[in-house]
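Each chain, written out:
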Amino acid sequence: MTIPLSTISTFRTTFNPFLRSARPCRLILSLLRNPTTTPTSSPGHIDIKVTQLPRSSTQEPELTIGFKNGKELKIEVGKRQMKIGDVVEEIARVGRAIEREEALKS
């Protein structure tokens, strides 16, 4: 399953890189941070903000994805004990719905 990058405008994540439960956050970050999304001049630019917590932190990892139509999806990865496939599926589901809405409008 792929993530529709064209629908994502912002990505914010907070995680402790030393926790196993933060793995989905790290992997999604590596998927989104690529040459087509990094430069601000590119049409597929995604505003990425990462907060890495200290090793002693007990705060659960979370993701917040902002979509081009103004919707925002907050995923509490640590509380829900999600794996990378679950996170990708959730983001892709919302992204496909937004693409479908855009296709119907035009």
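Residues numbered from 1 in each chain as written. Predicted model: local features only at pLDDT ≥ 70, side-chain atom pairs only at ≥ 80, totals over all residues. Heavy atoms only, no water.

With an unreviewed UniProt entry as reference, the protein chain is termed Large ribosomal subunit protein mL53, source organism Aspergillus brasiliensis. UniProt, in its Sequence similarities (unreviewed entry) section for the protein chain, records the words "Belongs to the mitochondrion-specific ribosomal protein mL53 family." UniProt's Subcellular location (unreviewed entry) comment on the protein chain is quoted here verbatim: "Mitochondrion". (UniProt positions renumbered as here; feature names shortened; annotations may be inferred.)

J.: Sorry if this is basic, but what is going on with the sheet that holds strand β2 (residues 47-52) here?
T.: What holds strands together in a sheet is hydrogen bonding between their backbones, with the strands either parallel or antiparallel. Strand order across the open sheet formed by four strands is β2-β1-β3-β4, with mixed pairing between neighbours. Each edge of the open sheet carries a strand with a single partner, namely β2 and β4 (72-75). Each adjacent strand pair in this sheet contributes to an overall mean axis angle of 10 degrees, direction not counted. Where strand β1 (residues 8-15) and strand β3 (residues 62-67) come together, six bridges link them in antiparallel fashion. For Thr-13, the partnering residue across the bridge sits in β3 and is Leu-63. The sheet contacts of helix α1 (residues 23-32) involve β1, β2 and β3, and relative to β1 the element is tilted by about 150 degrees. (Pairing = 2+ DSSP bridges. Helix = DSSP H or I, 4+ residues; strand = E, 2+ residues; numbered from the N terminus. Axes fitted to C-alpha atoms, helices over the stretch in contact; angles between N-to-C directions. Contact = heavy atoms within 4.5 Å.)

J.: What is the right way to look at the environment of Arg-23 in this model?
T.: Note that Arg-23 resides in helix α1. Taking the C-alpha atoms as reference points, Arg-23 and Ile-48, separated by 25 residues in sequence, lie 17 Å from one another.

J.: How should unusual backbone geometry be read in this particular structure?
T.: Most peptide bonds adopt trans geometry, and most residues besides glycine take a negative phi value. For Gln-81, which is not glycine, the phi dihedral falls at a positive 50 degrees. As for its position among the elements, Gln-81 is in the loop between α2 (77-80) and α3 (84-105).

J.: Looking at this structure, how should I read α1?
T.: One turn of the α-helix equals 3.6 residues, which is why residues spaced by three or four share an orientation. Every buried residue belonging to α1 is among Pro-24, Cys-25, Ile-28, Leu-29 and Leu-32, and all of these are buried. Projected down its long axis, α1 carries its buried residues within an arc of 135 degrees, all on one side. Buried residues along α1 sit against β1, β2, β3, α2 and α3. (Buried < 20%, exposed > 50% of the residue type's maximum accessible area, 1.4 Å probe, protein only. Arc of directions from axis to C-beta.)

J.: Hey, could you run me through the packing of aromatic side chains in this one?
T.: Where two aromatic rings form a pair, the distance of their centres and the angle of their planes describe that pair. Within this structure, the stated rule accounts for zero aromatic pairs. Directly above the aromatic system of Phe-18 lies the positively charged group of Arg-55, at a separation of 4.0 Å from the ring centroid. (Phe/Tyr/Trp six-rings, centres within 6.5 Å; stacked < 30°, edge-to-face > 60°. Lys NZ or Arg CZ within 6 Å of the ring centre and 35° of its normal.)

J.: How do you make sense of the pattern of salt bridges when you look at a structure like this?
T.: Any two side chains of opposite charge can pair, so long as their charged atoms come close to each other. Under the counting rule described, the total for this entry stands at six salt bridges. A salt bridge links Asp-47 to Arg-12, with the shortest nitrogen-to-oxygen separation between them at 3.8 Å. Taken as a pair, Asp-47 in strand β2 and Arg-12 in strand β1 lie far apart in primary sequence, 35 residues in all. Here Glu-90 ties to Arg-93 by a salt bridge, and the two come within 2.7 Å at their closest N and O atoms. One end of the pair, Glu-90, and the other, Arg-93, are both in helix α3, three residues apart, so they sit about a helical turn from each other. In this structure Glu-90 comes out as buried when scored by relative accessible area, which is 18%. Judged by its relative accessible area of 44%, Arg-93 falls in the partly exposed class. Among the charged side chains, a salt-bridge network with shared partners connects Arg-12, Asp-47 and Lys-49. (Salt bridge = Lys/Arg side-chain N within 4 Å of Asp/Glu carboxyl O.)

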